[in-house]
Amino acid sequence: MNSVEYKKKKIVCTNCPLGCKINVVYADADEIEIVEVKGNRCKRGLEFVKQEITDPLRVVVTSVKVEDGEISMASVRSDKPVPLRLMQDIMKILKETKVKAPVKRGDVVIQNILDTGSDIIATRSVNRKK
Amino acid sequence: MKYETDVVVLGGGGGGMAAAKAADKNGANVILIEREEENGGVLNQCIHNGFGIHYYRKDLTGPEFKETLQEELANTNIKILNSAFVLNVNKDKQLTFVNHKGIHEIKTKALVMATGARERHFNSLAVPGDRVAGIFTAGVAQKYINLQNLKPANSALIVGSGDIGLIMARRLHLEGIEVKGVVEILPYPGGLERNVQQCLRDYNIPLYLSHTVTRVEGNKRLSKVYVSQVDENRQVIPNTEKVFNVDALITSVGLIPLTDPVKFVETGPGFITSNTNQTSEDWIFAAGNCTVVFDLVDYVSREGEKAGKYAALYSQNQYFPEQKVKVKKGKNINILHPMYIDPNERTKLYLRVSKTFKRVEVTVEPLGIKMIEEEARPSEMIEISIKPFKDKNLKEIEVSARELG
Ligand SMILES: Cc1cc2nc3c(=O)[nH]c(=O)nc-3n(C[C@H](O)[C@H](O)[C@H](O)COP(=O)(O)OP(=O)(O)OC[C@H]3O[C@@H](n4cnc5c(N)ncnc54)[C@H](O)[C@@H]3O)c2cc1C
Ligand code: SF4
């Protein structure tokens, strides 16, 4: 019989500022199976734990350059979390990205970045230089 | 020019904008004064998410939170004066401010102070060594990177593990600056646990707890930072020195509430207020980081709304508290806000415990309120709601914390 290894992990839920410390015991087979979860204050914590042991996701936040803008940078974010393992590659793309003023909060700057299903959107508005 | 109004709000950050909105809603004429060209305060440079979860029930970035508030203000009659710096507030309810057109006076009935906090500087740490370029506060580094597209360093060490230090560690790392670590004098991190995870552990940035900077060195520009371990009494332990070769030291060593230019109100160090955000001067209300430093802008804005509402009521002669109950810090309580309670109104009590607890019971006596928290740390604010209570003879209540086995 194949023995299954149980693993224990302490995971901090980053879904909300409460930052619950969740203790999880799981079986690390082909299909990860959660055996026990303790410490989450809401259901979203459970989803988070599952994601965290398979492929952690994070929201990207940074700024991109603006041409002809009142200020030279516009802050942006991913509209959904993206895999943490792609963070450096996404940052590299965003560093090269330039948008033209005017920019409106919510404008899509890059669609479906690296095929993650997330769009990069502006989080502030920048008027054109007068 | 001379202005006249019901309520002046001084400061256009998250606290001030919320105060202006609530004062307007409660029927007052409102002038909001902000020294920067645009409102928002620190929200402008905090481009990460984690804002608004309680206030808007959405996970917003700082700029998104600010623009949402700003859109709400656009539908009101509030007069917003930007690039206007308030120089003086006097006891006769007159304010003086200066802008590019000169010096102006405002006569008001009530004032809301929402001036925020300023960063403590490295020079206040008394670290020996050369006074070199390359030492900035986290807020300055944040402005360079997020707003001005400047890269302030190639490699950096961060001192202070509060949320600001943690968030800047991630920001610098993702901008291609090598972050060699975060140094914290306390035995526990100063910031929220979620930020330790998503800013340090995610990127393998080391956190040196119970460590401090003992010396900085460089020829014009910083080149070396010396760090040593400390014991429980924060005394340096000999022979534990590490040397970091970095060209920047980013400091995030605390915020100090900014109470200028009001000088005649009880402070300690921020404005001391009641649960209706009234200060020791009846007509002056205060909210946000100029009272105590809050973890979240959500709390700041909620406090701002309260200050705005009661300032509006005060300006219309509709608010006079008859009784003020003092709130006393009991055992194991470090920070407590507010310090007075008008028992006719509800109260949100904010506190920080003075050490880490595995399981803690917080009590408010003699009101008989008990609350149990798991893993309380001084860096995480605890909130307690208190309903209005009728007891004409009550002069003082006491808040304390004790470890539960
Ligand atoms: C790096 C960092 C990260 C943070 N992360 C989070 C987070 O993830 N989630 C969260 O909810 N909160 C976070 N916060 C906290 C939150 O941003 C603040 O608590 C909140 O925005 C403070 O608002 P405020 O209105 O009290 O002060 P401020 O935003 O500082 O506003 C004060 C305003 O008053 C103006 N002013 C002062 N004096 C004068 C004068 N004499 N005349 C005219 N104007 C004047 C200033 O220009 C300023 O605009 C973070 C803060 C920082 C710095
Ligand atoms: S488990 Fe729920 S309450 Fe706890 S941090 Fe996650 S989202 Fe917040």
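Residues numbered from 1 in each chain as written. Chains lettered and ligands numbered in written order. Predicted model: local features only at pLDDT ≥ 70, side-chain atom pairs only at ≥ 80, totals over all residues. Heavy atoms only, no water.

Q: I'm lost on the overall build of chain B in this one. Help?
A: When its secondary structure is counted, chain B shows 6 helices and 29 strands. Its C-alpha atoms give chain B a radius of gyration of 22 Å, within 12% of the compact-globule value 22 Å for 405 residues. Within chain B, buried positions represent 59% of all 405 residues. Partitioning the intrachain contacts of chain B with sequence separation of at least 6 by distance along the chain shows that 62% fall at a separation of at least 24. For chain B, the exposed area adds up to about 17,300 Å²; of that, 47% sits on carbon and sulfur atoms. If you average the places of the 51 positive and of the 49 negative side-chain charges in chain B, the two averages end up 2 Å apart. (Helix = DSSP H or I, 4+ residues; strand = E, 2+ residues; numbered from the N terminus. Rg over C-alpha atoms; globule rule 2.2 N^0.38 Å. Buried < 20%, exposed > 50% of the residue type's maximum accessible area, 1.4 Å probe, protein only. Contact = heavy atoms within 4.5 Å. Areas by Shrake-Rupley, 256 points an atom, 1.4 Å probe, with all protein chains shown as cover. Lys, Arg positive; Asp, Glu negative; His and termini not counted. Charge placed at Lys NZ, Arg CZ, Asp CG, Glu CD.)

Q: How do you make sense of the environment of A:Thr62 when you look at a structure like this?
A: Tracing the backbone shows A:Thr62 in strand β5 (residues 61-67). Excluding anything up to four places from it in sequence, A:Thr62 contacts A:Ala74, A:Ser75, A:Val76, A:Met91, A:Leu94, B:Ile47, B:Arg171 and B:Glu175. Within the structure, the side chain of A:Thr62 is placed 3.1 Å from the side chain of B:Arg171, a separation counted as a polar contact. (Polar contact = N/O pair within 3.5 Å; in protein donor to acceptor, adjacent residues only side chain to side chain.)

Q: Sorry, what's going on with the site of ligand 2 here?
A: What surrounds ligand 2 is the set A:Cys13, A:Asn15, A:Cys16, A:Leu18, A:Gly19, A:Cys20, A:Asn40, A:Arg41, A:Cys42, A:Arg44 and A:Gly45. The class makeup of the residues in the shell around ligand 2 is 5 nonpolar, 4 polar and 2 charged. (Near = heavy atom within 4 Å. Nonpolar A, V, L, I, M, F, W, Y, C, P; charged D, E, K, R; others polar.)

Q: How do you make sense of the pattern of salt bridges when you look at a structure like this?
A: Side chains that differ in sign of charge can pair as their charged atoms come close. Inspection of every chain in the model, using the stated rule, returns 30 salt bridges over all chains. Close ionic contact of A:Lys98 with A:Glu67 constitutes a salt bridge, the shortest N to O distance being 4.0 Å. With A:Lys98 in strand β8 (residues 98-100) and A:Glu67 in strand β5, this pair connects stretches of sequence that are 31 residues apart. Assessed through its relative accessible area of 52%, A:Lys98 is described here as exposed. Its relative accessible area of 32% is what places A:Glu67 among the partly exposed residues. Here B:Glu383 makes a salt bridge to B:Lys348, at a shortest N to O gap of 3.7 Å. Of this pair, B:Glu383 sits in strand β28 (residues 382-386) while B:Lys348 is found in strand β25 (residues 347-353), placing the two residues 35 residues apart along the sequence. (Salt bridge = Lys/Arg side-chain N within 4 Å of Asp/Glu carboxyl O.)

Q: Mind showing me how you'd approach the packing of aromatic side chains here?
A: Remark: the centre distance and the inter-plane angle together describe each pair of aromatic rings, the angle taken between the planes. Residues and elements named next belong to chain B. Evaluation of the coordinates by the stated rule reveals 10 aromatic pairs over all chains. The interplanar angle of 40° and the centroid separation of 5.9 Å between the aromatic rings of Tyr-3 and Phe-97 together place this pair among those described as tilted. Placement of the pair is Tyr-3 in strand β1 (residues 2-4) and Phe-97 in strand β8 (residues 94-99), with a sequence separation of 94 residues. Each member of the pair, Tyr-3 together with Phe-97, is buried. One aromatic cluster in this structure is built from Tyr-55, Tyr-56 and Phe-65. Against the face of Tyr-340 rests Lys-324, its NZ or CZ located 5.5 Å from the ring centre. Lying across the ring of Tyr-340, Lys-326 places its NZ or CZ 5.4 Å from the centre. (Phe/Tyr/Trp six-rings, centres within 6.5 Å; stacked < 30°, edge-to-face > 60°. Lys NZ or Arg CZ within 6 Å of the ring centre and 35° of its normal.)

Q: Any chance you could explain the site of ligand 1 here in plain terms?
A: All names here are of chain B. The environment of ligand 1 is formed by 35 residues, the closest being Gly-15, Glu-34, Arg-35, Gly-50 and Val-297. With respect to ligand 1, the backbone of Gly-14 contributes an N or O atom lying 3.3 Å from an oxygen atom. The separation between an oxygen atom of ligand 1 and a polar main-chain atom of Asn-289 is 2.9 Å. For ligand 1, the protein covers 94% of the area, taking 1,000 Å² as the surface of the free molecule. Counting residues per element, the ones that place at least two in the shell around ligand 1 are α1 (14-25), β4 (49-51), β7 (85-90) and α6 (297-315).

Q: When you look at the nonpolar core in this model, what are you seeing that I'm missing?
A: One broad trend across soluble globular proteins is that nonpolar side chains are buried collectively. Ranked by internal contacts, the top residues of the largest apolar core, which has 53 residues, are B:Ile33, B:Phe65, B:Leu111 and B:Met113. Looking at which element gives the most residues to this core, the answer is α6(B), with 7 residues. Not counting chain neighbours up to four residues away, the residues in contact with B:Met113 comprise B:Leu10, B:Thr259, B:Asp260, B:Pro261, B:Val262, B:Phe271, B:Ile284, B:Phe285, B:Ala286, B:Ala287 and B:Cys290. In terms of nonpolar packing, the next biggest core, distinct from the first, is built from 43 residues, A:Ile110, B:Ala153, B:Val182 and B:Cys199 among them. (Core = buried A, V, L, I, M, F, W, Y, C linked by side-chain atoms within 4.5 Å.)

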